[in-house]
Amino acid sequence: VQLQASGGGLVQAGDSLTLSCEASGRTFSSYGMGWFRQAPGKDRVFVAGITWNGDRTYYTDSVKGRFTISRDNAKNTVHLQMNSLKLEDTALYYCAARWGTVTPETIFPANYNAWGQGTQVTVSS
């Protein structure tokens, strides 16, 4: 599967932004999907994950209640709705695909098989 992320931009603290990730290939529904982010000088970290059919979602604690991950298997897309953005949300955001399911344990980059190119989110005060 190949992934193309989009939707990043420059926003103010408190604003909302929706990231999208479009996947190529016929087997998208076989993949669990995740969003990661990487701030300058820091490691790439898990933000959110969703199972292949969308019945379960997982979030890192810092975004719970503010971010929502969703997917549309008919359109081969996964989205990350980000509300109440904070300065510390500034990062390069990546979508990632994992063959099979995602669980609370699949939060490491090495758990994912394919990556999009990243889309920059910058939150200003």
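Whatever comes next refers back to the structure up there.
1. Let's talk about the overall build of the protein
Phase 1: For the protein, the count of helices and strands is 0 helices and 11 strands.
Phase 2: Secondary structure elements of the protein occur, N-terminal to C-terminal, as β-β-β-β-β-β-β-β-β-β-β.
Phase 3: The C-alpha atoms of the protein give 13 Å as radius of gyration, which agrees with the globular expectation for 125 residues (14 Å, within 12%).
Phase 4: Each of the three principal axes of the protein carries a C-alpha extent, and together these read 40 × 25 × 25 Å.
Phase 5: Across the 125 residues in the protein, those meeting the buried criterion constitute 40%.
Phase 6: Expressed as a percentage of contacts within the protein between residues at least 6 apart in sequence, the contacts between residues at least 24 apart total 58%.
Phase 7: For the protein, the computed accessible surface area is about 6,300 Å², with 48% contributed by carbon and sulfur atoms.
Phase 8: Of the side-chain charges in the protein, 11 are positive and 9 negative, and the distance between the mean point of each set is 3 Å.

2. Some words on the nonpolar core
Phase 1: One finds Met-33, Trp-35, Leu-80, Met-82 and Tyr-93 to be the most contacted residues of the largest nonpolar core, which totals 29 residues.
Phase 2: If we skip the residues at most four places from it in the chain, Tyr-93 touches Leu-19, Trp-35, Phe-36, Arg-37, Val-47, Phe-67, Leu-80, Met-82, Gly-118, Thr-119 and Val-121.

3. Considering the sheet that holds strand 8 (residues 77–82)
Phase 1: Pairing is antiparallel in the open sheet, where 4 strands are placed in the order 1-3-8-7. At either end of the open sheet lies a strand with only one pairing partner, and these are strand 1 (2–6) and strand 7 (67–72). Across the sheet, the mean angle from the axis of one strand to that of its neighbour is 15°, orientation sign disregarded.
Phase 2: Direction of pairing for strand 7 relative to strand 8: antiparallel, over a ladder of 6 bridges.

4. Topic: the packing of aromatic side chains
Phase 1: Counted under the stated rule, the structure contains 6 aromatic pairs.
Phase 2: With a centroid separation of 5.7 Å and 80° between ring planes, the pair formed by Phe-36 and Phe-46 is classed as edge-to-face. Remark: Phe-46 occurs in strand 5 (residues 44–50) and Phe-36 occurs in strand 4 (residues 31–38); sequence separation between them is 10 residues. Accessibility assignment for this pair places Phe-36 and Phe-46 in one class, buried.
Phase 3: For the pair Phe-36 and Tyr-112, a centre-to-centre distance of 5.1 Å together with 80° between the ring planes defines the contact as edge-to-face. You can see Phe-36 sitting in strand 4 and its partner Tyr-112 sitting in the loop between strand 9 (91–99) and strand 10 (114–115), a full 76 residues away along the chain.

5. Concerning the pattern of salt bridges
Phase 1: Considering all chains together, one arrives at 3 salt bridges under this definition.
Phase 2: Across the salt bridge formed by Asp-89 and Arg-37, the nearest N and O atoms sit 2.9 Å from each other. Highlighted residues: Asp-89 in the loop between strand 8 and strand 9 and Arg-37 in strand 4, separated in sequence by 52 residues.
Phase 3: Residue Arg-37 is classed as buried on the basis of its relative accessible area of 10%.
Phase 4: A salt bridge links Lys-64 to Asp-61; its shortest N-O distance comes to 3.0 Å.
Phase 5: Each of the salt bridges in this network shares a partner with another, and the network as a whole consists of Arg-37, Arg-66 and Asp-89.

Conventions we followed
- Residues numbered from 1 in each chain as written.
- Predicted model: local features only at pLDDT ≥ 70, side-chain atom pairs only at ≥ 80, totals over all residues.
- Heavy atoms only, no water.
- Helix = DSSP H or I, 4+ residues; strand = E, 2+ residues; numbered from the N terminus.
- Rg over C-alpha atoms; globule rule 2.2 N^0.38 Å.
- Buried < 20%, exposed > 50% of the residue type's maximum accessible area, 1.4 Å probe, protein only.
- Contact = heavy atoms within 4.5 Å.
- Areas by Shrake-Rupley, 256 points an atom, 1.4 Å probe, with all protein chains shown as cover.
- Lys, Arg positive; Asp, Glu negative; His and termini not counted.
- Charge placed at Lys NZ, Arg CZ, Asp CG, Glu CD.
- Core = buried A, V, L, I, M, F, W, Y, C linked by side-chain atoms within 4.5 Å.
- Pairing = 2+ DSSP bridges.
- Axes fitted to C-alpha atoms, helices over the stretch in contact; angles between N-to-C directions.
- Phe/Tyr/Trp six-rings, centres within 6.5 Å; stacked < 30°, edge-to-face > 60°.
- Salt bridge = Lys/Arg side-chain N within 4 Å of Asp/Glu carboxyl O.

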